[in-house]
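So you can see what is in the structure, the chains are spelled out below.
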Amino acid sequence: MEKTKRSNKLAIILAFLVIFGLANKQCYCDVVQFIFGDSLSDVGNNNYLTKSLARAATPWYGIDFDNGMPNGRFCNGRTVADIVGDKMGLPRPPAFLDPSLDENVIFQNGVNFASGGGGILNETSSLFIQRFSLYKQIELFKGIQEFMRMKIGTEKANQFFTEAYYVVAMGSNDFINNYLLPVYADSWTYNGDTFTQYLISTLEDQLKLMHSLGARKLTFFGLGPMGCIPLQRWLTSSGSCQQSTNKLAKTFNQQAMNLMKDLSSSLPNATFRFGDAYDAFQDLINRPTVYGFNNSHAPCCTLGKIRPTLTCTPLSTLCKDRSQYVFWDEYHPTDKANELIANEIVKKLGLSNSTTNGTTNS
């Protein structure tokens, strides 16, 4: 009789251990990244926006990536965000509009919301008809959060989003496809300084919103020397860089860097960092042969002698050696140039595989 009582008590204890053990069982979740940006980070969203005039859906985009077919990247190969994530040991997140996206894909890889033509301001690149601004991308991210809470539970989802890495790479379109084009009201409403202040103020509100949604580890990629992209050079009589445009980029970068410092110190548990590669990119443009390039002023993909051709098309001809060119088209760097830019960001921020352990307890 006494033996039966002990057996029953033991069974009850084991039952409690099983019940509470399962309830408190830790799930090892992949650390992923969520990317917000423009065509420099787009991995396919705009290819699903069928009315968009900013798409990388035709050859020769993607010629040096995977199977050589267009994949939505505005490049012959990888983006800067691709390369930085690779060096951190993080999976490459698929495009938000990728049909394969489900809770398992999100849980293991994160999501890329970047959209060609996207800007900090909603009005930026309206001539492209369809694109996701940063506010729209944040709205889509909120939808992903609700979806994941429904699929894996609120507590687990909240932990998942808090432990993730966030990349925001945006701002060049706000100048090139807004302020610097007289067809936009912003070009005659503001001067360079007041427009930059307008951008930074808007960006501050957006980053605070992202923090309220769980973003704790965030890197903002600064602008490069925008006045030296092939399109901007073509607009000058001398073919040289537009220093006034470069000055706008430098001013924006300085204020954005200050903003990251302010937010890191004022927002709870926030580590917001500024990824700067301006000087390294400028040096690459000024001294291409030092880095193994022989052309830093013209695009590799052109339509014969017709300039500018705003996108690379199946009718375009390619340079003989893509590894020798800094720029792929009128706007975007080549894979090899992106690697140098990414390496500079990784070096300055001390990012590597050791900065993330690949999994987190949720």
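On a predicted model such as this, the values are computed, not experimentally measured, just so you know.

Draft legend 1. The arrangement of the environment of Gly116 in detail. Within the fold, Gly116 resides in the loop between strand 3 (110–112) and helix 4 (134–152). For Gly116, a relative accessible area of 0% corresponds to the buried category. Linking Gly116 and Asn45, residues 71 residues apart in sequence, is a C-alpha distance of 8.0 Å. Excluding its chain neighbours within four sequence positions, the residues that come into contact with Gly116 are Asp38, Ser39, Asp42, Asn46, Ala54, Phe74 and Arg131.

Draft legend 2. Highlighting the pairing of strand 2 (residues 33–37). A large share of strand 2 lies buried, amounting to five of its five residues. Burial along strand 2 is two-sided: the face carrying Gln33, Ile35 and Gly37 and the face carrying Phe34 and Phe36 are both buried. Both strand 2 and strand 3 contribute to a ladder of three bridges, which runs parallel. Looking at the pairing, Gln33 lines up with Gly110 of strand 3. The sheet contact formed by strand 2 and strand 4 (residues 165–169) spans five bridges and is parallel.

Draft legend 3. Seen up close, a nonpolar patch on the surface. Taken together, the side chains of Val290, Tyr291 and Leu340 present a nonpolar region at the surface, about 230 Å² in accessible area. Locating Val290 in the fold gives a position in the loop between helix 11 (278–286) and strand 7 (295–299).

Draft legend 4. Fine view of the sheet that holds strand 4. Here we have five strands laid out as an open sheet, ordered 3-2-4-5-6, and parallel in their pairing. The two strands at the open ends of the sheet, each matched to only one other strand, are strand 3 and strand 6 (271–275). Each strand axis lies, on average, 15 degrees off the axis of its neighbour in the sheet, ignoring direction.

Draft legend 5. Broad picture of the state of the cysteines. Counted by the stated rule, this structure contains three disulfides. The residue that forms a disulfide with Cys228 is Cys241, at a sulfur-sulfur distance of 2.1 Å. Where Cys228 bonds to Cys241 through sulfur, the torsion about that S-S bond is close to 120 degrees, and the disulfide is right-handed. Residue Cys228 is found in the loop between strand 5 (217–221) and helix 9 (230–234), and its partner Cys241 is found in the loop between helix 9 and helix 10 (243–266); the two are separated by 13 residues along the sequence.

Draft legend 6. Structural context of the environment of Leu310. Position of Leu310 among the secondary structure elements: in the loop between strand 8 (301–302) and strand 9 (317–318). Expressed as a C-alpha distance, the spacing of Leu310 and Asp329, which sit 19 residues apart in the sequence, is 7.4 Å.

Draft legend 7. Spatial organisation of the environment of Asp30. In this structure, Asp30 sits in strand 1 (residues 28–30). Given a relative accessible area of 31%, Asp30 falls into the partly exposed group. Placed 60 residues apart in sequence, Asp30 and Leu90 show a C-alpha to C-alpha distance of 8.8 Å.

Draft legend 8. Inspection of the confidence of the model for the chain at higher detail. On average, residues of the chain score 91 in pLDDT, and 90% of them are at 70 or above. A low-confidence stretch, residues 12–27 stays under pLDDT 50, and its non-local contacts, those more than four residues away or across chains, total nine contacts. Here residues 358–362 scores under 50 on pLDDT; set against residues more than four positions off or in separate chains, the count is 22 contacts.

Draft legend 9. Representation of helix 4 in the model. In a regular helix each residue adds 1.5 Å, so 19 residues correspond to 27 Å; helix 4 covers 26 Å between its end C-alpha atoms and thus fits that length. Listing the buried residues of helix 4 in full gives Leu134, Gln137, Ile138, Leu140, Phe141, Ile144, Gln145 and Met148. All buried residues of helix 4 fall inside an arc of 155 degrees around its axis, so they share one side. In this structure, helix 4 carries Glu146 and Met150 as exposed residues pointing more than 90 degrees from its buried face.

Draft legend 10. Representation of the packing of helix 4 against helix 5 (residues 154–163) in the model. The geometry of helix 4 relative to helix 5 is characterised by a closest axis approach of 7 Å and an angle of 135 degrees between their N-to-C directions. If you check the angle between helix 4 and helix 5, you find them oblique. Considering how the two elements wind past one another, helix 4 and helix 5 form a crossing that is right-handed. Two secondary-structure elements touch here, helix 4 through Phe141, Ile144, Gln145, Met148, Arg149 and Ile152 and helix 5 through Thr154, Lys156, Ala157, Asn158, Phe160 and Phe161. A breakdown of the residues in the contact of helix 4 with helix 5 according to their chemical character gives seven nonpolar, three polar and two charged.

Draft legend 11. The packing of helix 4 against helix 8 (residues 192–212), seen in detail. Viewed as axis vectors pointing N to C, helix 4 and helix 8 meet at an angle of 5 degrees, and their least axial separation amounts to 11 Å. With respect to helix 8, the axis of helix 4 lies roughly parallel. Here helix 4 contributes Leu134, Tyr135 and Ile138 to the contact with helix 8, which in turn contributes Thr202, Leu203, Asp205, Gln206, Leu209 and Met210. Its residues placed into classes, the contact of helix 4 with helix 8 shows six nonpolar, two polar and one charged.

Cut-offs applied
- Residues numbered from 1 in each chain as written.
- Predicted model: local features only at pLDDT ≥ 70, side-chain atom pairs only at ≥ 80, totals over all residues.
- Heavy atoms only, no water.
- Helix = DSSP H or I, 4+ residues; strand = E, 2+ residues; numbered from the N terminus.
- Buried < 20%, exposed > 50% of the residue type's maximum accessible area, 1.4 Å probe, protein only.
- Contact = heavy atoms within 4.5 Å.
- Pairing = 2+ DSSP bridges.
- Patch = residues over 30% accessible without salt bridge, like charges linked within 9 Å, V, L, I, M, F, W, Y side chains within 5 Å.
- Areas by Shrake-Rupley, 256 points an atom, 1.4 Å probe, with all protein chains shown as cover.
- Salt bridge = Lys/Arg side-chain N within 4 Å of Asp/Glu carboxyl O.
- Axes fitted to C-alpha atoms, helices over the stretch in contact; angles between N-to-C directions.
- Disulfide = S-S within 2.5 Å.
- pLDDT = per-residue confidence, 0-100.
- Expected span 1.5 Å × (residues − 1).
- Arc of directions from axis to C-beta.
- Parallel < 35°, antiparallel > 145°, perpendicular 65-115°, else oblique.
- Left-handed = near helix turned anticlockwise from the far one by under 90°.
- Nonpolar A, V, L, I, M, F, W, Y, C, P; charged D, E, K, R; others polar.

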